[in-house]
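Working through the structure, step by step
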Amino acid sequence: IHYNQAEWDQALEKYFESLGLVDTSVELRHKAAMFNNIGNVHNMQGKFFTALDYLQKASVLFKAVNDTFSTIINKNNTGSILIRTQNSDAGRKVLLEALALAKEVDDPYFLSDIYTNLGNTYRIEGDKEEVLSYFQLAHQSYQKLGNPKFLVMSFGNVADGFLQLGKFDSTEHYALQGKNLV
């Protein structure tokens, strides 16, 4: 509840409290989830390096319990934070690892989110062709999900990708498609 209401200090308190209740010999998955949540709270607070520390702890435990879905989320979060901390090479590497796992489980939500993060990575790096390519892949995955909120964002990202390439007709087309969903 506290996380969803952006009450970061209260969320951290509850997560740390929950960690104290975990019997680590039995509940590694729960402990990993708490570390992951604590990392996400620190990310939301802008404490990126602390977030990365907790996400790394979670990663080790998710791997130990062979939790593929949580590993994908963890790697996606880690890669995104690395990008935000100006470490795009490491961030891209982790995002590509997340992408490989997401392709194995063929989950359109994971795929769309990771493709979007990779598109944003290449936007930061100025690689306009890759920006558009990943945003288009994300858009295809978002279409499978059918969520209007995600589609509006996706149409905007694809429009931006075309705009960066100077393809104004395509920019207008995708921007209008997104606008029509609002």
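This is a predicted model, so every value here is computed, not measured. (Residues numbered from 1 in each chain as written. Predicted model: local features only at pLDDT ≥ 70, side-chain atom pairs only at ≥ 80, totals over all residues. Heavy atoms only, no water.)

Here's the deal with the overall build of the chain
In terms of helices and strands, the chain carries 9 helices and 0 strands. Counting from the amino terminus, helix and strand elements in the chain follow one another as α-α-α-α-α-α-α-α-α. Considered along the principal axes of its C-alpha atoms, the chain spans approximately 60 × 30 × 30 Å. The proportion of buried residues among the 182 residues of the chain is 42%. Intrachain contacts of the chain at a sequence separation of at least 6 include 48% that bridge at least 24 residues. (Helix = DSSP H or I, 4+ residues; strand = E, 2+ residues; numbered from the N terminus. Buried < 20%, exposed > 50% of the residue type's maximum accessible area, 1.4 Å probe, protein only. Contact = heavy atoms within 4.5 Å.)

Digging into the packing of helix α8 (residues 148–164) against helix α9 (residues 168–181)
The packing of two helices is summarised by the inter-axis angle and the distance between the axes. Between α8 and α9, whose axes approach to 8 Å, the crossing angle comes to 165°. Relative to α9, α8 is oriented roughly antiparallel. Here α8 runs over α9; the crossing is left-handed. Side by side, α8 and α9 meet where Pro 148, Leu 151, Val 152, Phe 155, Val 158, Ala 159, Phe 162 and Leu 163 of the first sit next to Phe 168, Ser 170, Thr 171, Tyr 174, Ala 175, Gln 177, Gly 178 and Leu 181 of the second. Along the lines of polarity and charge, the residues of the contact of α8 with α9 split into 12 nonpolar, 4 polar and no charged. (Axes fitted to C-alpha atoms, helices over the stretch in contact; angles between N-to-C directions. Parallel < 35°, antiparallel > 145°, perpendicular 65-115°, else oblique. Left-handed = near helix turned anticlockwise from the far one by under 90°. Nonpolar A, V, L, I, M, F, W, Y, C, P; charged D, E, K, R; others polar.)

Quick notes on helix α5 (residues 88–105)
Structural remark: α-helix, 3.6 residues per turn; residues separated by three or four positions point the same way. A rise of 1.5 Å per residue sets the reference length of α5, with its 18 residues, at 26 Å; its end C-alpha atoms lie 25 Å apart and thus fit the reference within 8%. Among the residues making up α5, those that are buried are Ser 88, Gly 91, Arg 92, Val 94, Leu 95, Ala 98, Leu 99, Leu 101 and Ala 102. Where α5 is buried, its residues touch α4 (68–84), α6 (108–125) and α7 (128–145). Following α5 by one or two positions, Asp 106 has its phi on the positive side, about 50°. (Expected span 1.5 Å × (residues − 1).)

Structural notes on the packing of α6 against α8
Axis separation between α6 and α8 bottoms out at 12 Å; the angle between their running directions is 30°. Here α6 lies roughly parallel to α8, going by the angle between them. Crossing handedness for the pair α6 and α8: left-handed. Contact residues: Tyr 109, Thr 116 and Arg 123 in α6; Phe 150, Met 153, Asn 157, Asp 160 and Gln 164 in α8. Counted by class, the contact of α6 with α8 contains 3 nonpolar, 3 polar and 2 charged residues.

Quick word on the side chain of Asn 76
For Asn 76, the location among the structural elements is in helix α4. Here the side chain of Asn 76 touches Asp 113 through a polar contact of 2.7 Å, side chain to side chain. Beyond its immediate sequence surroundings of up to four residues, Asn 76 is in contact with Leu 95, Ala 98, Asp 113, Ile 114 and Asn 117. (Polar contact = N/O pair within 3.5 Å; in protein donor to acceptor, adjacent residues only side chain to side chain.)

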